[in-house]
Every structure is written in structure tokens, then in C-alpha cells.
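Each chain is listed here by its residues.
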Amino acid sequence: MFKKISLALVGLLPVSAMAAVDVSAEVASLTTDGTAAITAIGGALIGLAGIAVVYKWAKGMLFS
């Protein structure tokens, strides 16, 4: 019952009372930090894959 009453009261409020919260700065910060983190992790994985390939090649050259 309280939900119906509160929804009815919200409909009576002016639009200025329900102003949107500006979160664009926070979203931009998370996007920038997230992109940097994903780039760093991707670079590390590619580097580890390169090391594994070189190790496998060197092992094959020495012990075959």
C-alpha cells in the first residue's frame, strides 16, 4: 500500500525535484583506468607468450 502512495506522490513532484545526477566524470575516470589496466594485462600476456615461444624454440635447438 505504501508503494502505491509513494508512487502517486512522486508523480506530483515537479521535474526539477527529480533532477538527474551527473556521473559523467566518474564514468570517464573508470573508462580511462579500465582501459589502462586492460592494456597492461594484455601486454603482459603477449610478453609471456613471446617468452614461452622463445624458450620452446631454444629448448628445441639445444636438445634435439
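This one's a predicted model, so the numbers in the text were calculated from it and none came from an experiment. (Residues numbered from 1 in each chain as written. Predicted model: local features only at pLDDT ≥ 70, side-chain atom pairs only at ≥ 80, totals over all residues. Heavy atoms only, no water.)

1. Focus: the overall build of the chain
- Scanning the chain for helices and strands turns up two helices and zero strands.
- By the burial criterion, 0% of the 64 residues in the chain qualify as buried.
- Within the structure as shown, the chain displays about 6000 Å² of accessible surface, and the carbon and sulfur contribution to it stands at 78%. (Helix = DSSP H or I, 4+ residues; strand = E, 2+ residues; numbered from the N terminus. Buried < 20%, exposed > 50% of the residue type's maximum accessible area, 1.4 Å probe, protein only. Areas by Shrake-Rupley, 256 points an atom, 1.4 Å probe, with all protein chains shown as cover.)

2. A look at a nonpolar patch on the surface
- There is a patch of nonpolar side chains on the surface, built from Ile-41, Leu-45, Leu-48 and Ile-51 and spanning about 440 Å² of accessible area.
- Considering the arrangement of structural elements, one finds Ile-41 in helix 2 (residues 24–63). (Patch = residues over 30% accessible without salt bridge, like charges linked within 9 Å, V, L, I, M, F, W, Y side chains within 5 Å. Salt bridge = Lys/Arg side-chain N within 4 Å of Asp/Glu carboxyl O.)

Purely geometric stuff here, so don't read any function into it on its own.
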